[in-house]
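# Residue-level structure breakdown
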Amino acid sequence: MTEVKGVYEELELKFPNTLSLGATKDDFPTVWVNYADFKAVLSYLKDLCPKPYKMLFDLTAVDERLRSHKDSLARDFTLTYLLLSFDRNEFIRLNVPLKGEYPSIPSITDLWSNANWYEREVWDLFGIRFEGHPNLRRILLPPWWTGHPLRKEYPARATEMPPFTLPEDKAAALDESLRFKPEEWGMSKSRDGSQFLFLNLGPQHPGTHGPFRIVLELDGEEIVDCVPDIGYHHRAAEKMSERQTWHTYIPYLDRVDYLAGAMNAFPYLLAVEKLAGIDIPDRAKFIRIMIAELFRISNHLVFYGTFAQDTGAMSPVFFMFTDREKLFQIIEAICGGRMHTNWFRIGGVAQDLPKGWKKLCLDFVDYMPKRLDQYETLVMQSGIFQARTKGVGSYTTQEAIEWGVTGPGLRATGLAWDFRKQMPYSGYDALEFDIPVGVHGDSYDRCRVHIEEMRQSLRIIKQCAKNMPEGNYKADNPLTTPPQKKRTLHDIETLIQHFLNVSWGPVIPRGECFAVSESVKGATGYYVTSDEDIMSYRTRIRTPSFAHLQMLPLMSKGLAIADLIAILGSIDFVLADVDR
């Protein structure tokens, strides 16, 4: 709380009588600022204050109009800016109250480059306009969509809407609306007598790793500019939180970054548990870490193999998928599932570790390093791979921070920033591991960091297996665990509690909480808001892939189309993580 007061007092001296301190269940300082001063406060925090908050980590909104438990601050919407200071090792949350059915506010794209996509997302899903935005248009939904889905009047179920129909004339009009018009993006069709070619790459192309469209402005083979076009994989994961109970929402999370499996639920559970004041047993913490690191290796093997394939090597992907199968056998033996385990729970995990789990883990820990050594010769020392990746798609640490890059992409520039170390959670501070870093921030270094992270994950898994604490695998808390069935036969109160927990699910106390974890592709954060109900009032999912793909034009200008394919492979993204 000292740090919270510290930055708040700094702001009070600079902006007297314009701020108020907000209350949340997390440890981040939360400051409310009025419409007239919010941009000046953001500018001060980014560039002028001591140990500045250089990264715009997230930008989102909440529709407050149907909240039952309201505070004294009158508003219809809340706009939230989440900033990260690497020097202070802390976040700060800036809230701006907005009134009106369709409010507007000045854009901050002149302060942060990555605000572009975040503001377009808020406009798309809430209808909040950003004055001065260079191209405010839908980003996750098609341009012909009607309504803004994260507003409370928008239905959450298909059964609440009339059946969907698509007559031929309407389909033709919708297709035409998707036609790319360069002038709408500030792009010219010619320059100095040369006429540019505009090429659609995707949305169905193996090099885009999923339904992702990139419109390229080309001068021959050279990329003059490009426009990433996302949203083809949007599944309304945030809207689903408003119709699912706190527990039944967990299976959806495994499918956000579908290569990260159970790790997706990690920050969601951390946020809900802190909001509810639930203490997690040490055994449950170590089990979660062990499973999370197994999924980190699984993700990185897919990245490693497909990246090598993108640059022309055919064999590595088959070898690495074979190793991934060995890893999935361990996950399946423990969790009962492979990719989408639905195994993490509020308060712990679904079941205790089965017999024989330790031998499976330790055998894999002994087996995998030799395989990584073989892949080093096969891929990283290949002259073709080095020629395709070294110096390609590079950026500096400052550029990475400006665009909101986290995870291996940030560490490849030389900054040893890992939330498992900087802001330890769930017992990571009790484990020994190093933070691999690169030097040049190019495609080759991004791959190198992924490889070394697998070696560090093996270290973590080995420590978890050898030092697994005794005790419960789940918290003994009425919000997480129903009473034992035999006790329900002795008093009506316990029977009622058991019935409500099983049929309705827990009621999480009122409040707001944000939690972040070092996921496989970077920092994943969940900002959950409870209105003291069995369902979330609002759940914000901050994913790394969304931020990383926005940087694509900067990384690819002046390069060839073949270089773009290598860059896409080096970013390590999946479209479900981008679109949610």
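One can find the structure itself at the top, above this paragraph.
These remarks concern the structure in this document.

About the cut-offs
- Residues numbered from 1 in each chain as written.
- Predicted model: local features only at pLDDT ≥ 70, side-chain atom pairs only at ≥ 80, totals over all residues.
- Heavy atoms only, no water.
- Helix = DSSP H or I, 4+ residues; strand = E, 2+ residues; numbered from the N terminus.
- Buried < 20%, exposed > 50% of the residue type's maximum accessible area, 1.4 Å probe, protein only.
- Contact = heavy atoms within 4.5 Å.
- Pairing = 2+ DSSP bridges.
- Axes fitted to C-alpha atoms, helices over the stretch in contact; angles between N-to-C directions.
- Polar contact = N/O pair within 3.5 Å; in protein donor to acceptor, adjacent residues only side chain to side chain.
- Patch = residues over 30% accessible without salt bridge, like charges linked within 9 Å, V, L, I, M, F, W, Y side chains within 5 Å.
- Areas by Shrake-Rupley, 256 points an atom, 1.4 Å probe, with all protein chains shown as cover.
- Salt bridge = Lys/Arg side-chain N within 4 Å of Asp/Glu carboxyl O.
- Expected span 1.5 Å × (residues − 1).
- Core = buried A, V, L, I, M, F, W, Y, C linked by side-chain atoms within 4.5 Å.
- Phe/Tyr/Trp six-rings, centres within 6.5 Å; stacked < 30°, edge-to-face > 60°.
- Lys NZ or Arg CZ within 6 Å of the ring centre and 35° of its normal.

Turning next to the environment of Val 62. Among the structural elements, Val 62 can be located in strand β3 (residues 55-63). Val 62 sits in the buried class, given a relative accessible area of 6%. Placed 89 residues apart in sequence, Val 62 and Arg 151 show a C-alpha to C-alpha distance of 8.2 Å. Filtering out sequence-adjacent residues up to four positions away, Val 62 remains in contact with Arg 67, Asp 76, Phe 77, Thr 78, Phe 126, Tyr 537 and Arg 538.

Further remarks concern the sheet that holds strand β4 (residues 77-85). Strand order across the open sheet formed by 5 strands is β1-β2-β5-β4-β3, with mixed pairing between neighbours. Strands at the two margins of the open sheet, each flanked by one partner only, are β1 (19-21) and β3. Along the sheet, successive strands turn relative to each other by an average axial angle of 25°, direction set aside. In terms of strand pairing, β1 meets strand β2 (residues 30-33) through 3 bridges, oriented antiparallel.

Strand order in this open sheet of 3 strands is β10-β11-β12, and the pairing throughout is antiparallel. Of all the strands in the sheet, just β10 (197-201) and β12 (222-229) have a single pairing partner and so form its edges. The sheet shows a mean angle of 20° between the axes of neighbouring strands, direction not considered. Its contacts with the sheet put helix α19 (residues 561-571) on β10, β11 (213-219) and β12, and the angle it makes with β11 is roughly 150°.

Here we take up the side chain of Glu 273. Along the chain, Glu 273 falls in helix α7 (residues 265-276). Look past the residues within four positions of Glu 273 in its chain and what remains in contact with it is Ile 278, Ile 280, Arg 288, Arg 345, Ile 346, Gly 347 and Gly 348.

Turning next to the side chain of Arg 296. Structurally, Arg 296 is set in helix α8 (residues 282-310). Polar side-chain contacts of Arg 296 include one of 2.8 Å to the backbone oxygen of Glu 518. Residues contacting Arg 296, with those up to four places away along its chain left out, are Met 263, Arg 420, Tyr 428, Glu 453, Ser 457, Glu 518, Ser 519 and Val 520.

Let us look at the environment of Arg 157. By the element assignment, Arg 157 lies in the loop between β7 (129-131) and α4 (168-177). Arg 157 sits 380 residues away from Tyr 537 along the chain, and the two C-alpha atoms are 16 Å apart. A distance of 3.3 Å separates a polar atom in the side chain of Arg 157 from the backbone oxygen of Arg 243.

With that settled, consider a nonpolar patch on the surface. A contiguous nonpolar surface patch, about 610 Å² in accessible area, is contributed by Ile 492, Leu 495, Ile 496, Phe 499, Leu 500 and Trp 504. When you line up the elements, Trp 504 lands in the loop between α16 (492-503) and β15 (511-518).

Summed over the entire model, instances satisfying the criterion amount to 42 salt bridges. Of the charged contacts in the structure, one is a salt bridge between Asp 47 and Lys 54, with a shortest N-O distance of 3.2 Å. Here Asp 47 falls in the partly exposed class, since its relative accessible area comes to 42%. Take Lys 54: its relative accessible area is 33%, and that puts it in the partly exposed class. Through salt bridges that share partners, Glu 293, Arg 296, Arg 411, Asp 418, Arg 420, Glu 453 and Glu 518 make up one connected network.

So, on to helix α3 (residues 115-126). An ideal rise of 1.5 Å per residue puts 16 Å on 12 residues; α3 measures up with 16 Å between its terminal C-alpha atoms. By the criterion of burial, α3 is predominantly enclosed, with 11 of the 12 residues buried. All of the buried residues in α3 are Ala 115, Trp 117, Tyr 118, Glu 119, Arg 120, Glu 121, Val 122, Trp 123, Asp 124, Leu 125 and Phe 126. Gly 127 sits one or two positions beyond α3 and adopts a positive phi of about 80°.

Among the nonpolar cores identified, the biggest contains 87 residues, and Phe 57, Leu 79, Tyr 81, Ile 108 and Ile 128 are the most heavily contacted of them. Considering each element in turn, this core owes the most residues, 7 residues, to α3. Grouped together as the second largest cluster of nonpolar side chains are 81 residues, Ala 237, Ala 260, Tyr 268 and Ile 291 included.

Turning next to the pairing of strand β16 (residues 523-530). Of all 8 residues in β16, 8 are buried; the element is thus mostly enclosed. Burial of β16 is two-sided: the residues Ala 523, Gly 525, Tyr 527 and Thr 529 facing one way and the residues Thr 524, Tyr 526, Val 528 and Ser 530 facing the other way are all buried. Here β15 runs beside β16; their pairing, made up of 8 bridges, is antiparallel. Residue pairing in the sheet places Glu 512 in a bridge with Thr 529 of β16.

Moving on, we get to the packing of aromatic side chains. Counted by the stated rule, this structure contains 30 aromatic pairs. A ring pair is formed by Tyr 249 and Tyr 268, whose centres lie 5.5 Å apart and whose planes are at 70°; its orientation type is edge-to-face. Of the two residues, Tyr 249 sits in the loop between α5 (237-240) and α6 (250-253) while Tyr 268 sits in helix α7, which places them 19 residues apart along the sequence. A single burial state applies to Tyr 249 and to Tyr 268, both of which are buried. Among the aromatic residues, those joined into a cluster by ring pairs are Phe 28, Phe 57, Phe 86, Phe 91, Trp 417, Phe 419, Phe 514 and Tyr 527. In this arrangement the basic side chain of Arg 151 is found over the ring face of Tyr 102, its NZ or CZ atom lying 4.0 Å from the centre.

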